[in-house]
Amino acid sequence: MTTGTEQITAAEIETAEAGQNESFEGVQADTDKHTDATEHHHGPAKGISRWFFTTNHKDIGSMYLWFSLVMFMVGGCMALMVRTELFQPGLQFIQPDFFNQMTTMHGLIMVFGAVMPAFVGLANWMIPMMVGAPDMALPRLNNWSFWILPFAFSIMLMTLFMEGGGPNFGWTFYAPLSTTFAPPSVTYFIFAVHMMGISSIMGAINVIVTILNMRAPGMDMMKLPLFVWTWLITAFLLILVMPILAGVVTMMLMDIHFGTSFFNAAGGGDPVLFQHIFWFFGHPEVYIMILPAFGIVSEIIPTFARKKLFGYSSMVYATSSIAFLSFIVWAHHMFTVGMPLAGELFFMFATMLIAVPTGVKVFNWVATMFRGSMTFETPMLFALAFVVLFSIGGFSGLMLAIAPADFQYHDTYFVVAHFHYVLVPGSIFSIMAAAYYWLPKWTGNYYDEKMGKIHFWLSFIGINITFFPMHFVGLAGMPRRVPDYALQFADFNAVSTVGAFLFGFSQLLFIYNVVCCIRKKNQASKQVWEGAYGLEWTLPSPAPYHSFTKPPKVD
Amino acid sequence: MDSQTQEYQEYYVPTQSYFPIVASVSLFCLAFGAASVLTAVENTGDMGMIMLFTGFILLFFVIISWFTKVAAESRDGLYSAQMDVSFRWGMGWFISSEVMFFAAFFGALFYIRVFSVPWLGGEGDKGVSNMLWEGFVSQWPLMTTPDPSLFKGPAQVVDPWHIPLLNTILLISSSLTLTLSHKALKLNNRTWTSIWLAVTVVLGAVFLYYQVLEYHEAYTELGLTLSAGVYGSTFFILTGFHGLHVTIGTIMLLCILVRVLEGEFTGKKHFAFEAVAWYWHFVDVVWVGLFIFVYIL
Ligand code: HEM
Ligand SMILES: [Cu+2]
């Protein structure tokens, strides 16, 4: 076959199609019939009401994805403001209080507005197609989960224009910064968080029910695509920890307005209690942002290596153990806060244990590629970068997990480097990879491969220029969440800022590419990618409005 | 899964629906309204009240019409057996998330009792914190807070062997009566279904009455308030959210009772009944936890 740098044409694909997706018996005939039938009866409604009232998993998935893209841009602009201020030591661009609002909002928007909704959007689009279901299990609830988000985030963004400014206490909103010393708008923030929580919980319920109850006959649990598996486990995490977040913001609300003293030692409470509860939510939360990414990469690498995924069941077990471990490591964020020694030790070792299942995964991805006939289309490039750069983030995580060493690293730019390596080239790259990978299935057209590659390389270079130097300034002692810093950090910070702008503006290429892909006709085949395997590739491109009204048979 | 291999009843995917968007608008109004009322900067209080009110109206409207619609769809036979399973899983996981919500508050209670209060009193690993308020003695119930000028501790706490014990008996028997009602429904014995269900509702309402009484006493006689230090905080947040759940549960039971009286549900098909019953048992279990860890110990 082609070396991959060229666009793979529809004709080439058609010839390759005979192979792997045959095992889905009778699917083609069935679905074709159904598209005919459904197109007449209930295709999408006309006009704007389609989006407000829809119950269709594809519509809702698209809305999630667009919403997340908008939030990614908004949060990105905030990050660029932060980076601009940090270009040079001293204060020149924004005031410290506004700087704090920008870092806080950037974090909150990226976590709850960009990464999580993007994954939910992908889940909505892909899970019903992957398990052979007609739609998500609870379609109206599904639409509600989505529509809460724009409202929640408008409240969140409105706080920026309120008296006293928006949240300025960091995305972790530690008490008493977020209680006693918070701006009045914190109350709005609390209710916005409640709304997001409701949305996430309902979304997660929908995912679980769809996966457990809507699989086509023969689609056993151990045949599920890994993206479905990782999302199933993510959804469990969501259901278990989002209520904890709701609980902790409720306690904040009570402390602020109703005179309780949960986080106030004067009344017998403890600010450290806040941190415990927050991180009991927070650490599983970071896995909520990475497990679906693992799933995506496990879909893409086999496709472009043209080999089956190495160690499928070990992937499933590794994901489950990561999810379990993520509940017993939370206090690794609190080594310096003053915990009993036994606590420090326990959380240190438990955290290090996570490296084992994570290592299994990285090993499996590499083994999948070993002696495969690889091509390097854009999704594959992003997936490969994911494997390498996420591992860097994992290793810095291991360094941070060493309690005595963390006394030095904590609250420095080293931590910032760590979590950006897992979140940007981790979660964000996987989302990009997924978008490129499934765009032809969604829109029916191929995107512009060359532009995709340029986008990849600019992002790849931009990200490393931005975040790699942060390791150095962090180890040298530069604290995080500061608008000004000592002179010796100036050079690396200037470099970081340049990288950030490069990364930020390259994303415009992505948007342009997506829009063109929707508009321009460059007809994609059913199979789309030569090596792709799974039920979604048995549907025509673009996928019909209703996927499997009658479940296909899977052998 | 296997049941599908034979004749497959199409999974019902509802057509367009305005419930979700209205429900979202209502949540927006509630959230924004509540926040405005609480912060009340620059007369936003009034606007907040209006929004809060609008939010409640909308929510009420959506809940009623959404559930009416679901009931109608169920009556029209649109729901397959597979759909029924979806509802069951959905309700089950919803209750799990509620369990975790309470877990946050129970966790806070345990942490405070086992760690933070003893540390402040100079005991244990982090006993150095005693330097903050020297002379503060750790005790539970926390009658004297570290800084009584800010948080005046309660004069007395609720005696578990009066109202709380009575309430425990009430709730546990309500779980029993609800089970009896369910049994009767399965046997298509509608009279006893309604009777036991009505008894359950009454037990729930009486529970709530005593809960209000207890709160009233706590505030007026015992000096046990939200601001009475961390004992009051944990006491009210746990019992308060539980009480809220009992209220919701009672209302839901009442709705189910009305539907039973209208002749809905059959011995085989009555998921709405079961869902509410699960919820009620869950609320009951939480109460047992409260009775033990908040009142007795
Ligand atoms: C090998 C796996 C990992 C290990 C051992 C690890 C370890 C750690 C540790 C010890 C910290 C606390 C550092 C400090 O504050 O001093 C930390 C912070 C953080 N980690 Fe990880 N981590 C891992 C994977 C991840 C993943 C997969 C994500 C997200 C996708 C993530 C996101 C974060 C974030 C957001 C923070 C910073 C939180 C804050 O203080 O604002 N980590 N990590
Ligand atoms: Cu963590």
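Residues numbered from 1 in each chain as written. Chains lettered and ligands numbered in written order. Predicted model: local features only at pLDDT ≥ 70, side-chain atom pairs only at ≥ 80, totals over all residues. Heavy atoms only, no water.

*Asks:* So what exactly am I meant to see when it comes to the side chain of Ser496(A) here?
*Replies:* Summarising the element assignment, Ser496(A) is placed in helix α17 (residues 490-519). Beyond its immediate chain neighbours, meaning those up to four positions away, Ser496(A) contacts Arg83(A), Ile465(A), Thr466(A), Pro469(A) and Met470(A). (Helix = DSSP H or I, 4+ residues; strand = E, 2+ residues; numbered from the N terminus. Contact = heavy atoms within 4.5 Å.)

*Asks:* Before we go on, may I ask you to explain the packing of helix α6 (residues 139-158) of chain A against helix α7 (residues 186-213) of chain A in this structure?
*Replies:* Helices that pack against each other are described as a pair by the angle of their axes relative to one another and the distance between those axes. Residue and element names in this part refer to chain A. Running from amino to carboxyl end, α6 crosses α7 at an angle of 160 degrees, the nearest separation of the two axes being 8 Å. In this view, α6 runs roughly antiparallel relative to α7, as classed from their interaxial angle. Pair α6 / α7 crosses with left-handed handedness. Of the residues in α7, those touching α6 at Leu 141, Asn 142, Trp 144, Ser 145, Ile 148, Leu 149, Phe 151, Ala 152, Phe 153, Ile 155 and Met 156 are Tyr 188, Phe 189, Ala 192, Met 195, Met 196, Ile 198, Ser 199, Met 202, Gly 203 and Asn 206. (Axes fitted to C-alpha atoms, helices over the stretch in contact; angles between N-to-C directions. Parallel < 35°, antiparallel > 145°, perpendicular 65-115°, else oblique. Left-handed = near helix turned anticlockwise from the far one by under 90°.)

*Asks:* Just to check I follow, could you spell out the confidence of the model for chain B for this structure?
*Replies:* Fine structural detail should not be taken from predicted coordinates in areas where pLDDT scores are low. Residues and elements named next belong to chain B. Mean pLDDT over chain B: 93, with 96% of residues reaching 70 or higher. Confidence drops under pLDDT 50 across residues 1-5; counting only partners more than four residues distant or on other chains, this segment forms eight contacts. Confidence estimates for the predicted assembly give a pTM of 0.93 and an ipTM of 0.95. (pLDDT = per-residue confidence, 0-100.)

*Asks:* Looking at this model, I keep getting lost on the domain arrangement of chain A. Mind explaining?
*Replies:* It is common to give the size of an interface as the accessible area that goes away when the parts come together. Residues and elements named next belong to chain A. Domain boundaries in chain A define domain 1 (1-42 + 525-555), domain 2 (49-274) and domain 3 (290-522). In this assembly, 21 residues from domain 1 lie in contact with 19 residues from domain 3. The interface formed by domain 1 and domain 3 holds one salt bridge in total. In this structure, the salt-bridge partner of Arg 306 is Glu 530, at a minimum N-O distance of 2.3 Å. Where domain 1 meets domain 3, there are nine residue pairs in polar contact (both at pLDDT 80 or more). Class assignment of the residues belonging to the side of domain 1 that touches domain 3 gives a composition of ten nonpolar, eight polar and three charged. (Domains from an automatic or database assignment. Salt bridge = Lys/Arg side-chain N within 4 Å of Asp/Glu carboxyl O. Polar contact = N/O pair within 3.5 Å; in protein donor to acceptor, adjacent residues only side chain to side chain. Nonpolar A, V, L, I, M, F, W, Y, C, P; charged D, E, K, R; others polar.)

*Asks:* Help me understand the pattern of salt bridges, please; the structure alone is not making it clear to me.
*Replies:* When charged atoms on two side chains of opposite charge get close, those side chains can pair. One pass over the structure, following the stated rule, counts nine salt bridges over all chains. Between Arg480(A) and Asp411(A) there is a salt bridge; the shortest N-O distance is 3.8 Å. Within this pair, whereas Arg480(A) is found in the loop between α16 (449-475) and α17, its partner Asp411(A) is found in the loop between α14 (403-409) and α15 (413-443), the two being separated by 69 residues in sequence. Note that Arg259(B) and Glu264(B) form a salt bridge whose closest N and O atoms lie 2.8 Å from each other. In terms of burial, Arg259(B) and Glu264(B) fall into one category: buried. A single salt-bridge network, built from bridges that share partners, covers Arg75(B), Arg259(B) and Glu264(B). (Buried < 20%, exposed > 50% of the residue type's maximum accessible area, 1.4 Å probe, protein only.)

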